[in-house]
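# Secondary and tertiary structure notes
Residue strings, one per chain:
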Amino acid sequence: MKNNWDIDTALIHHSKRGATHSGAVVEPIIPAVAYAFPDTDTAAAVVSGEKEGVYYGRYGNPTLFSLEEKIASLEGGEAALGVSSGMAAISIALLAYLKQGDHVVVTKDVYGGTYKFLTNIAVRYGIEYNFVDCTNPEFIHNHIKENTRAIYIETPSNPHLTILDIKKISEISKLYGIPLIIDNTFMSPYLQNPLELGANIVVHSATKYLNGHGDSIAGFIVGNSDDITFMRNSLMGDLGQVLSAWDAFLILRGLKTLGVRMERHCKNALEIATFLENHPQVEKVYYPGLPSHPQHELAKEQMKGMGGIVSFELKDGKEAGKRFIDSLKLIIISFSLGDPETLVQHPASMTHFSIPMEEREKFGITDGLIRLSLGLENAKDLINDLEQALMVRPKVDIELKV
Ligand SMILES: Cc1ncc(COP(=O)(O)O)c(C=O)c1O
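Residues numbered from 1 in each chain as written. Predicted model: local features only at pLDDT ≥ 70, side-chain atom pairs only at ≥ 80, totals over all residues. Heavy atoms only, no water.

## Quick word on the nonpolar core
Counting 113 residues, the largest nonpolar core has Leu67, Ile221, Leu276 and Phe324 as its most contacted members. Shared between two domains, this core holds at least three residues of each, these being domain 1 (7–30 + 61–255) and domain 2 (259–391). In this structure, Leu276 is in contact with Val282, Val285, Val310, Phe312, Leu372 and Leu390, ignoring residues within four places of it in sequence. (Core = buried A, V, L, I, M, F, W, Y, C linked by side-chain atoms within 4.5 Å. Buried < 20%, exposed > 50% of the residue type's maximum accessible area, 1.4 Å probe, protein only. Domains from an automatic or database assignment. Contact = heavy atoms within 4.5 Å.)

See the structure below:
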């Protein structure tokens, strides 16, 4: 459905396929596995792709199709594929373009699960990779080989909030005629549209902001119709990574509030980043919304908001970091991000544990690094919690001499 709505309106009204049939205001959940046909010719036409339709739940379901239409439109892509996790989206997108003997250039600042997929799984099937500092697009040129078949980046990156120049990197990908794949999880389509900036494929962990309530694991791939059809029929369906109608419904519901949530996430993140930057115990803050961030100007050009994630290091390193995290009373120690609750985690021992220590250090993931996913609470309450945890001093054993 083509329209001229602003994204705030499209998030609520775009694509109500099932609801149009029933008259319901809310999209229905259709969890059926099998679908009936009037005759064998129609069944054959749907299976062969000649006729549009659904024949078996492992290749999608009507609730998911509504959601896929909506996500494609929000990202400005021809088509989208909803899958069972962000990692399913990332692995399907990479496997769609890479086969045995192929090579991929990957940003060095990449989510731990993506690193693990490439170094543990893809390598077993003869796929080569190089982790490259993509902040200088020249470095990408230097790593392109004859067998390079894709460039894969994440911006802002997890957990360092490094910003990469999507336009410049897409020019390189076009020069070599290879697709540029971007993980847009930290931004959501509300804050950044990589396809408009020249990327070919966008992947999301919808587990985060798209659903936004911490109660569903899901992923999306957005791109051109032919590639998405190939991914659906020859990878997602056959590997069995479909997204259930129940989860699709939760994400359809969550998406309606994406705009207001993202605005609050960004507002809280900027307040907290500013507070941390001015705190005497804090060594360094990583947040693209701060003028001190090395790619602040680029962030302002390609992002509509700076996102809800803030990473930082304390002056006394790992021990101070652990003490600080363990002293938080409101903020929850947990994996994931993009939830209503503010979450804190220690990347070196949690999300990025799968990256060996020496590699982690090369990627700048020090043992003292802390990542906050700012939720939707009142910023004052968050600052009070951070303040009290920063004041906690190490326990010293005092020997009482009587
Ligand atoms: C940037 C990014 N991409 C992908 C993923 C993987 O998503 P999922 O947990 O839904 O598989 C994560 C998970 O934290 C992430 O942070």
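This is not the end of the story, as more comes after the structure.
## Some thoughts on the sheet that holds strand 8 (residues 282–286)
Spatial ordering of the open sheet is given by 8-9-12-11-10, a layout of 5 strands whose pairing is mixed. Looking at which strands have only one partner, the edges of the open sheet turn out to be strand 8 and strand 10 (332–333). As paired elements, strand 9 (residues 309–314) and strand 12 (residues 369–373) share 5 bridges and run antiparallel to each other. Within strand 12, the residue paired with Glu313 across the bridge is Leu369. Against the sheet, helix 12 (residues 258–277) makes contact with strand 8, strand 9 and strand 12, and its axis sits at roughly 10 degrees relative to strand 9, the strand it touches most. (Pairing = 2+ DSSP bridges. Helix = DSSP H or I, 4+ residues; strand = E, 2+ residues; numbered from the N terminus. Axes fitted to C-alpha atoms, helices over the stretch in contact; angles between N-to-C directions.)

## Thoughts on the UniProt feature "modified residue: N6-(pyridoxal phosphate)lysine" (unreviewed entry) in the protein chain
The positions that UniProt labels "modified residue: N6-(pyridoxal phosphate)lysine" (unreviewed entry) are, in the present scheme, Lys208. Tracing the sequence through the fold places Lys208 in the loop between strand 6 (201–205) and strand 7 (219–223). By relative accessible area, which is 16% here, Lys208 ends up buried. Not counting the four nearest positions on each side in its chain, Lys208 is found in contact with Thr185, Ser336, Leu337 and Gly338. (UniProt positions renumbered as here; feature names shortened; annotations may be inferred.)

## Here we look at the packing of aromatic side chains
This model, assessed by the stated rule, comprises 4 aromatic pairs. When the centroid spacing of 5.0 Å and the interplanar angle of 20 degrees are considered together, the rings of Tyr115 and Phe131 count as stacked. Taken together, the residues Tyr115 in helix 6 (residues 112–121) and Phe131 in strand 3 (residues 128–132) connect sequence positions 16 residues apart. Judged by relative accessible area, Tyr115 falls into the buried class, the value being 7%. Here Tyr129 and Phe131 contribute two aromatic rings whose centre-to-centre distance is 5.3 Å and whose plane-to-plane angle is 50 degrees, an arrangement assigned as tilted. (Phe/Tyr/Trp six-rings, centres within 6.5 Å; stacked < 30°, edge-to-face > 60°.)

## Section: the site of the ligand
Taken together, 15 residues are adjacent to the ligand, and Gly86, Met87, Asp183, Ser205 and Thr207 come closest. Between the ligand and Ser205, the relevant distance is 2.8 Å, taken from an oxygen atom to a side-chain nitrogen or oxygen of the residue. At a separation of 3.0 Å, an oxygen atom of the ligand approaches a polar side-chain atom of Lys208. Contact with the protein chains removes 92% of the 390 Å² of surface that the ligand exposes when unbound. Here the shell around the ligand is built from residues that sort into 6 nonpolar, 6 polar and 3 charged. (Near = heavy atom within 4 Å. Polar contact = N/O pair within 3.5 Å; in protein donor to acceptor, adjacent residues only side chain to side chain. Areas by Shrake-Rupley, 256 points an atom, 1.4 Å probe, with all protein chains shown as cover. Nonpolar A, V, L, I, M, F, W, Y, C, P; charged D, E, K, R; others polar.)

## Quick word on the domain arrangement of the protein chain
Per the domain assignment, the segments making up the protein chain are domain 1 (7–30 + 61–255) and domain 2 (259–391). Once you take the C-alpha centre of each, domain 1 and domain 2 turn out to be 24 Å apart. Each partner contributes residues to the interface: domain 1 has 40 residues there, and domain 2 has 40 residues. Summed over both partners, the interface of domain 1 with domain 2 comes to about 3,200 Å²; 60% of that surface belongs to carbon and sulfur atoms. Three residues, His160, Ile163 and Tyr209, lead the burial of domain 1 against domain 2; their summed loss comes to 23% of the area buried on that side. On inspection of domain 1 and its partner domain 2, the count reaches 0 salt bridges. Here domain 1 is connected to domain 2 by 15 residue pairs in polar contact (both at pLDDT 80 or more). Of all the secondary structure elements, the ones that give two or more residues to the side of domain 1 that touches domain 2 are helix 1 (7–13), helix 6, helix 9 (188–191) and helix 11 (245–255). In terms of residue class, the side of domain 1 that touches domain 2 is built from 19 nonpolar, 15 polar and 6 charged. (Buried area = accessible area lost by both parts, 1.4 Å probe. Salt bridge = Lys/Arg side-chain N within 4 Å of Asp/Glu carboxyl O.)

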